Every structure is written in structure tokens, then in C-alpha cells.
Amino acid sequence: MICGNILKVKESVKNIVEAKKENQREVKLICVTKGRTVEEIREAINCGITDIGENKVQEAKEKFQMLEPPGNIKWHMIGHLQTNKARDAVKIFDLIHSVDSARLAVEMDKEAKKINKVQDILIEVNTSGETAKFGVDPENLTELVKEAIGLNSINLKGLMTMAPVVKNKEDARSYFRKLRECREAVNVFLYTLTPHYLPLTTLSMGMSQDYEAAVEEGSTMVRIGTAIFEG
Ligand SMILES: *Cc1c(COP(=O)(O)O)cnc(C)c1O
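Residues numbered from 1 in each chain as written. Predicted model: local features only at pLDDT ≥ 70, side-chain atom pairs only at ≥ 80, totals over all residues. Heavy atoms only, no water.

## So, the packing of helix H2 (residues 38–46) against helix H3 (residues 57–67)
Phase 1: Contact geometry of H2 with H3 gives a least axis separation of 11 Å together with a crossing angle of 60 degrees. The angle between H2 and H3 places the two elements in the oblique class. The element H2 and its partner H3 pack so that their crossing is right-handed. Contact with H2, carried on its side by Val38, Ile41, Arg42 and Ile45, involves Lys63, Met66 and Leu67 of H3 and no other residues of that element.
Phase 2: Looking at the contact of H2 with H3, its residues break down into five nonpolar, no polar and two charged. (Axes fitted to C-alpha atoms, helices over the stretch in contact; angles between N-to-C directions. Helix = DSSP H or I, 4+ residues; strand = E, 2+ residues; numbered from the N terminus. Parallel < 35°, antiparallel > 145°, perpendicular 65-115°, else oblique. Left-handed = near helix turned anticlockwise from the far one by under 90°. Contact = heavy atoms within 4.5 Å. Nonpolar A, V, L, I, M, F, W, Y, C, P; charged D, E, K, R; others polar.)

## Regarding the environment of Glu212
Phase 1: On the secondary structure map, Glu212 appears in helix H8 (residues 211–216).
Phase 2: Residue classification places Glu212 among the partly exposed residues on the basis of a relative accessible area of 23%.
Phase 3: Sequence separation between Glu212 and Glu170 is 42 residues, and the spatial gap between their C-alpha atoms is 9.2 Å.
Phase 4: If near-sequence neighbours (up to four positions away) are discounted, Glu212 is found in contact with Ser12, Ile16 and Lys169. (Buried < 20%, exposed > 50% of the residue type's maximum accessible area, 1.4 Å probe, protein only.)

## Regarding the packing of helix H6 (residues 141–149) against helix H7 (residues 173–193)
Phase 1: Across the interface, H6 lies against H7 with an axial gap of 10 Å and an inter-helix angle of 50 degrees. Relative to H7, the element H6 lies oblique. Taken as a pair, H6 and H7 cross one another with a handedness that is right-handed. Residue-level inspection shows Leu141, Thr142, Val145, Lys146 and Ile149 of H6 in contact with H7, the latter providing Cys182, Val186, Phe189, Leu190 and Leu193.
Phase 2: For the contact of H6 with H7, the class distribution of residues is eight nonpolar, one polar and one charged.

Here you go:
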């Protein structure tokens, strides 16, 4: 079942990208494994999954230890991160999607430096304006970008967002479009700051309920749990 579901998601993503004639865009499938057993994760890996997403540091740490090796798996932190978890997080994760404050960025930079790592990160943006959501507000984004790119042991790759739960799939689209516009604004900002700075490329957006719209709007990473394990 898991293999079939993974194929279905990959096929659907591929069709959307092809229909947009953007064959050069790679959309990475991140298999979200929060609440899943190590056996389920192994099965997903056997079906070709290379990227694992977890939303709690402690849970990820335990699974990480049980799953080593294989060492070719990339680990993604997609949940809200408290500053005091930064040390453990930089040890495990290849990409941290949920940086939403300068304080967290500074802490992560400090911890990454200690282990001679340059930590890849994304900034989480609250595109819906819902107060219950994590993420930086779009109007404060460039300020955080400016802080983040000044830190040598973190490497800002792009942006992440979570759409609210919507009744109609299509209703999620505006949040994804908003994130794409945020990336464009940041890239203009980066260019005016220093023309040598590489533009942000990654857009982490789209979950089981809404990934089609996210891919249509330019997603480069979809984070899928339910559609893989229960679909
Ligand atoms: C759980 C989670 C997902 C995956 O959600 P599904 O609906 O199971 O696909 C994606 N992103 C984040 C941040 C999550 O916490």
C-alpha cells in the first residue's frame, strides 16, 4: 500500500509539473513520518523515499538512532522549534524548515558552528495571518532574511508555509501564491543588498490535502504523510 501511494503522489506531481512545461523544476517528496513506526519508515525507504520529515526533535532523535544506517537519507525538521532544541536539531537535520525568529537563527548558527556544520534552513512564513500559526509575518520577512544571511553557519535556502485547513482544495492556493510572491520579494531584496548573493530557490509547501495546488504554484518540496500511510 505504501509503495502504491508513494507512486501515486509522485505521478501526480510529475504530471502537474509537465503540464506547466516546467520539466526542469524538481519537486522533492518529503515523507512525513511523525507518529509512524520505524518499520513503517523502513517500508517507505524501501519504496524509494530518500527524505524524511519529522515535527518533534525528540521523536526524530529516537528514530534517527534506530534507522542508522542507511546514511543516504535526508532528515527534515518541519515542526515548530524551541530555541533550547537547536543543539539537538543541528545534529540530526539536513534541512530545518521552520525558522521563524532571529533568536532561533542565532542559536542555530551558534550550535552549528560548534560542530563545524553549515546548517541549511528555510524561513517559515505565516501566509494566512492566522494568529494560531507559527511563522514570520510577510511584512517582517526581509528583516529576518537580513539577520539570517549575516550568520555564517546557517545557509538560507528558501521559504516554507502551511496553508490553513480548508474545505475546498482550491482555497489553499492563495497561500501558496503568497509564498511564491514572498520569495520573489526576498530575491529582489537580496539582489539590491548584494548582487553576488544567490537567489532563494526552495519553496516548501503542500501537504496531503493540498499538494496539487502547491505544485501548480511553484512548490519545490511537498511534505506528505497521510496520503502515503493512509491513502
Ligand atoms: C504533519 C505535517 C505535514 C503532513 O501532513 P499530512 O496531512 O499528513 O500530509 C506537513 N507539514 C507539516 C508541518 C506537518 O506538521
